[in-house]
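Examination of the molecular architecture
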Amino acid sequence: MQKKITLQGFLYDEKSSYLSGPALAPPLIRKAYHSDSANYFAENGLEIPPEIWNDKGDFEIKEYFEIEKITSKNIANGKPLITLGGDHSITYPLLKAHHKKYGPIDILHIDAHADLYDNFEGDKFSHACPFARIMDDKLANRLVQIGIRTLSKHQKEQADKFGVEIIQMKDFSLLQLPKFENPLYLSLDIDGLDPAFAPGVSHHEPGGLSTREVISIIQSINVPVLGADIVEYNPTRDINDMTAMLSAKLLKEIAAKILQTERPEL
Ligand code: MN
Ligand code: MN
């Protein structure tokens, strides 16, 4: 079987503002993906077996911007990439690498938080800031955020300044999902889900998306997906590995969407 999707993980949570733990996530998501309790099929009928991955492994990072260098190397072959985090700060260097390879792309960002702080506690690269850096650097054509339920005045101003399209949780409906026209990058912060579905996150923010809703959002994507990340799973807060299994399920669903919508040249 052809290795169709590149996989990498970052054992990194230095930019977490509240708790550490996401650095432990990548090997545990991999373990859950291989668990005998499930199979390798996604809901669209496509199988996502281990042979499908061009697996680059999990990286320990000393310097934040190593993430960009490693990612650039790993996407040089032009295959779609899924990254396992790690805290959400990794998405800025991930997008820098994607921008160098593909130019500006559309981003769909699922999260409880807008992550648009100009800086957070003095750090411009905090996990609360990646989408401010991405928009400052004009790395995206379009940024659509879903699941947001913590919008502060500052972040609302940032969203207005950058033209971010925010579908706040209070307004969310599966009947009104965004439609995209360009290739997409999907950034999935696991705390976008309700803590009832995803207890293994640092920031429990009640009132979030259900697992079913997140799967429906992924399945609704109608354009090629060039890259995706699954971030902020914090194993130290998990219960019976349920958030690990959730992350592995979403990994399979994203991979199946990539295969279903892949560009002919890939
Ligand atoms: Mn986030
Ligand atoms: Mn979040």
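Summary of the structure given here.

Calculation rules
Residues numbered from 1 in each chain as written. Chains lettered and ligands numbered in written order. Predicted model: local features only at pLDDT ≥ 70, side-chain atom pairs only at ≥ 80, totals over all residues. Heavy atoms only, no water. Helix = DSSP H or I, 4+ residues; strand = E, 2+ residues; numbered from the N terminus. Contact = heavy atoms within 4.5 Å. Donors = N, O, S within 2.8 Å, 3.2 Å for Na, K, Ca; no water. Buried < 20%, exposed > 50% of the residue type's maximum accessible area, 1.4 Å probe, protein only. Pairing = 2+ DSSP bridges. Right-handed = clockwise from strand over helix to strand, strands pointing away. Axes fitted to C-alpha atoms, helices over the stretch in contact; angles between N-to-C directions. Parallel < 35°, antiparallel > 145°, perpendicular 65-115°, else oblique. Left-handed = near helix turned anticlockwise from the far one by under 90°. Nonpolar A, V, L, I, M, F, W, Y, C, P; charged D, E, K, R; others polar. Phe/Tyr/Trp six-rings, centres within 6.5 Å; stacked < 30°, edge-to-face > 60°. Lys NZ or Arg CZ within 6 Å of the ring centre and 35° of its normal.

1. Description of the environment of P104
Assignment of secondary structure puts P104 in the loop between α3 (91-102) and β4 (105-110). Setting aside anything within four residues of it in sequence, one finds P104 in contact with H99, L139, A140 and N141.

2. As for the coordination of the manganese ion (ligand 2)
With distances of 2.2 to 2.5 Å, the protein atoms coordinating the manganese ion (ligand 2) are D111 (OD), H113 (ND1), D189 (OD), D191 (OD) and D191 (OD). Considered as a linear motif, the donors of the manganese ion (ligand 2) on their single chain read D-x1-H-x75-D-x1-D. The metal-metal distance between the manganese ion (ligand 2) and the manganese ion (ligand 1) is 3.3 Å, with D111 coordinating both. Residue D111 is located in the loop between β4 and α4 (130-136), and its partner D189 is located in strand β7 (residues 184-189); the two are separated by 78 residues in the primary sequence. Overall, the relative accessible area of 0% leaves D111 in the buried class. Note on D189: relative accessible area 2%, which makes it buried.

3. Looking at the pairing of β7
Across the 6 residues of β7, 6 count as buried, placing the element largely inside the fold. Neither face of β7 is exposed, since L184, L186 and L188 on one face and Y185, S187 and D189 on the opposite face are all buried. Here 5 bridges tie β4 to β7, and the two strands are oriented parallel to one another. Following the sheet pairing, I110 is matched in β7 by L188. Note: β7 against strand β8 (residues 225-231), 6 bridges, orientation parallel. Within the sheet, the bridge partner assigned to L184 lies in β8 and is V225. A crossover links β7 with its parallel partner β8, the connecting element being helix α6 (residues 211-219), and its sense is right-handed.

4. Notes on the pairing of strand β1 (residues 5-11)
In terms of burial, β1 is largely enclosed, as 6 of its 7 residues are buried. Here β1 runs beside strand β2 (residues 53-60); their pairing, made up of 6 bridges, is parallel. Across the sheet, residue G9 finds its bridge partner in β2, namely D58. Assessed by its sense of winding, the connection that carries the chain from β1 through helix α1 (residues 25-33) to β2 is right-handed. By the bridge criterion, 4 bridges tie β1 to strand β3 (residues 81-84) in an arrangement that is parallel. The partner of L7 across the bridge, within β3, is I82.

5. Some details on the packing of helix α2 (residues 66-74) against α3
The N-to-C vectors of α2 and α3 enclose an angle of 40 degrees; their axes lie 8 Å apart at closest approach. The pairing of α2 with α3 is recorded here as oblique in orientation. Our pair here, α2 against α3, has a crossing hand that is right-handed. In contact with I67, E68, T71 and S72 of α2, α3 contributes P93, L94, K96, A97, H98 and K100. For the contact of α2 with α3, the class distribution of residues is 4 nonpolar, 3 polar and 3 charged.

6. Some details on the packing of aromatic side chains
Aromatic rings in a pair are described by how distant their centres are and how their planes are angled relative to each other. Tallied over the entire structure, the rule returns 10 aromatic pairs. With 6.2 Å between their ring centres and 85 degrees between their planes, F65 and Y92 make a pair best called edge-to-face. With F65 in the loop between β2 and α2 and Y92 in helix α3, this residue pair connects regions lying 27 residues apart in the sequence. Members of the aromatic cluster, each reached through a chain of ring pairs, are Y12, Y64, F65, Y92 and F125. Of note, K15 hangs over the ring of Y64, and the distance from its end group to the ring centre comes to 5.4 Å.

7. Comments concerning the environment of D115
Mapping D115 onto the fold places it in the loop between β4 and α4. Placed 112 residues apart in sequence, D115 and K3 show a C-alpha to C-alpha distance of 33 Å. In contact with D115, not counting residues within four places along its chain, are H88, H109, H127, A128, C129, P130, F131, A132, Q155 and D189.

Geometric descriptors of this kind do not, in isolation, establish any biological role.
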